[in-house]
Amino acid sequence: MTEMRAHLGPVDDARVDLTEDRDLRYWTTRFGCTPTQLILALQRVGVAAVDVARHLATDCPRRSLP
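Residues numbered from 1 in each chain as written. Predicted model: local features only at pLDDT ≥ 70, side-chain atom pairs only at ≥ 80, totals over all residues. Heavy atoms only, no water.

Let's shift gears to the overall build of the protein. Secondary structure assignment for the protein yields four helices and zero strands. Each helix and strand of the protein, placed in order from N terminus to C terminus, yields the pattern α-α-α-α. Put simply, of all contacts in the protein between residues at least 6 apart along the chain, 24% involve residues at least 24 apart. Accessible area of the protein: about 4,600 Å², with a carbon and sulfur share of 54%. (Helix = DSSP H or I, 4+ residues; strand = E, 2+ residues; numbered from the N terminus. Contact = heavy atoms within 4.5 Å. Areas by Shrake-Rupley, 256 points an atom, 1.4 Å probe, with all protein chains shown as cover.)

It is worth spelling out the packing of aromatic side chains at this point. Counted by the stated rule, this structure contains two aromatic pairs. Between the aromatic rings of Y26 and W27, the centroid separation amounts to 5.0 Å while the plane-to-plane angle is 85 degrees, which identifies the pairing as edge-to-face. We classify Y26 as partly exposed; its relative accessible area is 29%. Each ring, one from W27 and one from F31, has its centre 5.4 Å from the other, and the planes form 25 degrees; the classification is stacked. Of this pair, W27 and F31 are both found in helix α2 (residues 21–31), four residues apart, which corresponds to roughly one turn of the helix. In terms of burial, W27 and F31 fall into one category: buried. (Phe/Tyr/Trp six-rings, centres within 6.5 Å; stacked < 30°, edge-to-face > 60°. Buried < 20%, exposed > 50% of the residue type's maximum accessible area, 1.4 Å probe, protein only.)

Written out as structure tokens, the structure is:
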């Protein structure tokens, strides 16, 4: 089962969790942002994916919500 996990997205796609490198890659790809932008967004609005998406959309206007 652990081997399959490496090919999947996060366990809970409603919460941004960066405990593993693959999670950071997943979320930066999903939101179309840099790791720094993602970390700053998490510090400002918390871990709820919808809040992070909203924040990044307003912080980086040329992006769209996923």
